[in-house]
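# Examination of the molecular architecture
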Amino acid sequence: VSKGFKRYFNSKYPDKIYRYFTNGIDKEILNYNFNDGNNNDSKNTLVCAGNIGQGQGLELIIPDLSNKITKDWKIIIIGDGGTSNLLKKEVSKINRNNVSFLPPMPRKILLEYYKNAACLFLHLNNFPAFKKVLPSKILEYGATGKPIIAGVDGYAKEFIYNELDNVLVFKPGDAESALDALNSISLVQLDRKRFCEKYKREN
């Protein structure tokens, strides 16, 4: 799935031929119109959706980011997982009331949140193993055309810089770096048709 494992397999089994197939982009996402979102709130929304577990390490970044982020932004966390309660506890200590939590939802509704977001947020915990993986969320977010800030390293970082425009990568767990990315990202909708065509699931 990820070329991040290429070096390992080539060193262990050099006589094999390897092909790499990422997680594809589903038709429901490809057929959805993400243009002209309708955010009725006066604040920009930073949306993070998916599993909330040790692998994502959101409790290491979201509370500090919510403390540093300017008043014209709010953060929406959509999902659930093993560290969800810990994340909510750490966020409550900041007491800025700029982070909202929503449970997992049907994709049709989730895509509405993507559409209305000013920017999408992705984060992986700073574990050595995650330098090799390629999260499917990168492909899902990428298909929306929305700006993205991503706290990733290793192959995921390489993939983003090679394949996607208007995505800024920051150091995992570093809220100051994440804030710099958010302040620097261009809040515009892009046409990523070439990316979508390349990575659609049927291909």
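To be clear, the structure that these remarks concern was listed above.
Right, let's walk through the structure included here. (Residues numbered from 1 in each chain as written. Predicted model: local features only at pLDDT ≥ 70, side-chain atom pairs only at ≥ 80, totals over all residues. Heavy atoms only, no water.)

Counted according to the given criterion, the structure contains 11 aromatic pairs. Aromatic side chains phenylalanine 9 and tyrosine 18 sit 5.8 Å apart centroid to centroid with 50° between the ring planes, which places their arrangement in the tilted category. Judged by relative accessible area, which is 32%, phenylalanine 9 ranks as partly exposed. (Phe/Tyr/Trp six-rings, centres within 6.5 Å; stacked < 30°, edge-to-face > 60°. Buried < 20%, exposed > 50% of the residue type's maximum accessible area, 1.4 Å probe, protein only.)

A cluster of nonpolar side chains, namely Phe5, Tyr8, Phe9 and Tyr13, defines an oily patch on the protein surface of about 360 Å² accessible area. Within the secondary structure, tyrosine 8 sits in helix H1 (residues 6–12). Tyrosine 8 sits in the partly exposed class, given a relative accessible area of 40%. (Patch = residues over 30% accessible without salt bridge, like charges linked within 9 Å, V, L, I, M, F, W, Y side chains within 5 Å. Areas by Shrake-Rupley, 256 points an atom, 1.4 Å probe, with all protein chains shown as cover. Salt bridge = Lys/Arg side-chain N within 4 Å of Asp/Glu carboxyl O. Helix = DSSP H or I, 4+ residues; strand = E, 2+ residues; numbered from the N terminus.)

Before going further, it helps to examine the nonpolar core. Grouped together as the largest cluster of nonpolar side chains are 32 residues, with contacts concentrated most on Tyr114, Ile138, Val152 and Phe159. Those residues in contact with tyrosine 114, other than ones at most four positions away along the chain, are Phe34, Val47, Ala49, Leu120, Lys137, Glu140, Tyr141, Thr144 and Lys146. Membership of the second largest hydrophobic core comes to 25 residues, among which are Trp73, Ile75, Ala118 and Ile149. (Core = buried A, V, L, I, M, F, W, Y, C linked by side-chain atoms within 4.5 Å. Contact = heavy atoms within 4.5 Å.)

Another aspect to go through is the pattern of salt bridges. Pairs can form between side chains of opposite charge whenever their charged atoms are close. All chains considered together, the criterion is met by 10 salt bridges. A salt bridge links aspartate 64 to lysine 68, with the nearest nitrogen and oxygen atoms 4.0 Å apart. Placement of both aspartate 64 and lysine 68 in helix H3 (residues 62–68) is noted, with a separation of four residues, approximately one turn of the helix. Aspartate 64 gets classed as partly exposed once you look at its relative accessible area, which sits at 35%. The network of salt bridges with common partners includes Asp26, Glu28, Arg107 and Arg201.

Relative to each other, helix H5 (residues 107–116) and helix H6 (residues 136–144) sit at 60°, their axes nearing to 10 Å. Overall, the two elements H5 and H6 adopt an arrangement that is oblique. The handedness of the crossing between H5 and H6 comes out as right-handed. Two secondary-structure elements touch here, H5 through Arg107, Leu110 and Tyr114 and H6 through Lys137, Glu140, Tyr141 and Thr144. (Axes fitted to C-alpha atoms, helices over the stretch in contact; angles between N-to-C directions. Parallel < 35°, antiparallel > 145°, perpendicular 65-115°, else oblique. Left-handed = near helix turned anticlockwise from the far one by under 90°.)

Next up on the list: the sheet that holds strand S2 (residues 73–78). Spatially, S3-S2-S1-S4-S5-S6 is the arrangement adopted by the six strands of the open sheet, whose pairing is parallel. Each of the sheet's edge strands pairs with one partner strand only, and the pair in question is strand S3 (99–102) and strand S6 (167–170). Direction aside, the axes of adjacent strands within the sheet are offset by 20° on average. Bridge analysis of strand S1 (residues 44–49) against S2 gives six bridges, and the strand direction is parallel. Bridge pairing in S2 links threonine 45 to lysine 74. (Pairing = 2+ DSSP bridges.)

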